[in-house]
Amino acid sequence: MDAFLKLMNVLPWIVVVIVLASIVLPQAIRILREYERGVIFRLGRLRGAKGPGLILLIPIVDRMVKMDLRVITIDVPKQEVMTRDNVPVTVDAVVYFRVMDPVAAVIKVENFLKASSLISQTTLRSVLGQAELDELLAHREKINLTLQEIIDRQTDPWGIKVTAVEVKDVILPDGMKRAMAKQAEAERERRAKIVNAEGEFQAAEKMVQAAGMMSREPMALQLRFLQTMREISSEHNTTTFLPVPIDLFAPFVKPSGRQGGEV
């Protein structure tokens, strides 16, 4: 009976201890994954970054800010940009970065995600405003590298490393699309005319060479004449070609010429 009474007297204390333990232990024990770090503040003062694994905190005294070290993607919203040659375009981009120094990302900027997004937007408008439309369309990789260098330089004090910047889409006005299509069509026509002229020039050269060869070898002209007759003749053709040497008409032509001279 006495043991039962003692147990009843101790039971409230046991309940209190269990309740306190259930409240205190979750605040004192933290487990961080491999890609996570915890920035510890003790009574408002920085104690450094810890993790991964088991982290022990002093309840009420310590506060921990969890940081993710994996690559983070920011989708930069569409921006209206005026290029250097005064062409309005709409562009958007993607920025890839990761937190290299979790302490600097916590204590040197209020919200590193928001700050990085705003810097990416302003840098995108600034860099593309200094480029011409042809450069924006043809040299996209060079512009991406320039954006990466500028954004990385501005976010470096926050412990952030920008790994890549990609301009996703460039939207042109409809009038500019039609003008570019006309320009491309004119360029193709110009190339076609040049190719045609070069073909005519080469054909003329070959014809001159053939004429020179035939003038040196008269028999070549006769062989060419016979080959042409063979090409003209076909299986179902009723026309007959009979070659007649021009020398047969020489006796008839020369006397008539002399008579005309005597008269």
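Please read these numbers as outputs of a predicted model, since none were measured by experiment.

### Quick word on the overall build of the chain
Each helix and strand in the chain was counted, giving eight helices and eight strands. For the chain, with 263 residues in total, the buried portion stands at 25%. Pairs at least 24 apart in sequence give 61% of the contacts found in the chain among residues at least 6 apart. By element, 60% of the accessible surface of the chain is carried by carbon and sulfur atoms, the whole surface being about 19,300 Å².

### What about the packing of aromatic side chains?
Two measures describe an aromatic ring pair: the distance that separates the ring centres and the angle between the ring planes. Enumeration according to the criterion identifies zero aromatic pairs in this entry. Above the plane of the ring of Y35 lies R70, whose end atom (NZ or CZ) is 3.9 Å from the centre.

### A short note on the sheet that holds strand β6 (residues 72-82)
Within a sheet, each strand pairs with its neighbour through backbone hydrogen bonds, oriented either parallel or antiparallel. The strand order across the open sheet formed by three strands is β6-β7-β8, and the pairing between neighbours is antiparallel. Edge positions in the sheet fall to β6 and β8 (160-171), since each of these pairs with one other strand and no more. Ignoring which end each strand starts from, the neighbouring axes of this sheet average 20° apart. As paired elements, strand β7 (residues 88-99) and β8 share 10 bridges and run antiparallel to each other.

### Comments concerning a nonpolar patch on the surface
A cluster of nonpolar residues, L25, I29, I31, L54 and L56, forms a patch on the protein surface that exposes about 530 Å² of accessible area. Mapped by element, the contributors of at least two residues to the nonpolar patch are β1 (29-32) and β4 (53-56). Among the secondary structure elements, L56 is positioned in strand β4.

### Points about the packing of helix α3 (residues 112-129) against helix α5 (residues 140-155)
Viewed as axis vectors pointing N to C, α3 and α5 meet at an angle of 140°, and their least axial separation amounts to 10 Å. Regarding the angle of α3 to α5, the classification is oblique. Crossing of α3 against α5: the hand is right-handed. From α3, S116, I119, S120, T123, L124, V127 and L128 reach across to α5, where they touch I143, T146, L147, I150, I151, Q154 and T155. Tallied by class, the residues present in the contact of α3 with α5 amount to eight nonpolar, six polar and no charged.

### As for α3
Look at α3: 26 Å from first C-alpha to last across 18 residues, which is about the 26 Å you get at 1.5 Å a residue. By the burial criterion, the buried members of α3 are F112, A115, S116, S117, I119, S120, Q121, T123, L124, V127 and L128. Two or three places before L113, at the start of α3, stands the capping residue N111, its side-chain oxygen 3.2 Å from that residue's backbone nitrogen.

### So, the sheet that holds strand β3 (residues 45-50)
Taken in spatial order, the three strands line up as β3-β2-β5 in an open sheet, and their pairing is antiparallel. Pairing within the sheet leaves two strands with one partner each, and these edge strands are β3 and β5 (62-68). Taken over all neighbouring pairs, the strand axes of this sheet differ in orientation by 20° on average, direction set aside.

### Regarding the nonpolar core
Ranked by size, the top nonpolar core spans 37 residues in total, and within it V89, V91, V95, F97, F112 and L124 carry the most contacts. Those elements that provide at least two residues to this core are β2 (36-42), β6, β7, α2 (102-107), α3, α4 (133-138), α5 and β8. Once residues lying within four places of it in the same chain are set aside, the contact partners of F112 are M67, I72, F97, V99, A105 and I160. One finds L32, I40, I55 and M64 within the second-largest nonpolar core, a separate group that totals five residues.

Conventions adopted
- Residues numbered from 1 in each chain as written.
- Predicted model: local features only at pLDDT ≥ 70, side-chain atom pairs only at ≥ 80, totals over all residues.
- Heavy atoms only, no water.
- Helix = DSSP H or I, 4+ residues; strand = E, 2+ residues; numbered from the N terminus.
- Buried < 20%, exposed > 50% of the residue type's maximum accessible area, 1.4 Å probe, protein only.
- Contact = heavy atoms within 4.5 Å.
- Areas by Shrake-Rupley, 256 points an atom, 1.4 Å probe, with all protein chains shown as cover.
- Phe/Tyr/Trp six-rings, centres within 6.5 Å; stacked < 30°, edge-to-face > 60°.
- Lys NZ or Arg CZ within 6 Å of the ring centre and 35° of its normal.
- Pairing = 2+ DSSP bridges.
- Axes fitted to C-alpha atoms, helices over the stretch in contact; angles between N-to-C directions.
- Patch = residues over 30% accessible without salt bridge, like charges linked within 9 Å, V, L, I, M, F, W, Y side chains within 5 Å.
- Salt bridge = Lys/Arg side-chain N within 4 Å of Asp/Glu carboxyl O.
- Parallel < 35°, antiparallel > 145°, perpendicular 65-115°, else oblique.
- Left-handed = near helix turned anticlockwise from the far one by under 90°.
- Nonpolar A, V, L, I, M, F, W, Y, C, P; charged D, E, K, R; others polar.
- Expected span 1.5 Å × (residues − 1).
- Polar contact = N/O pair within 3.5 Å; in protein donor to acceptor, adjacent residues only side chain to side chain.
- Core = buried A, V, L, I, M, F, W, Y, C linked by side-chain atoms within 4.5 Å.

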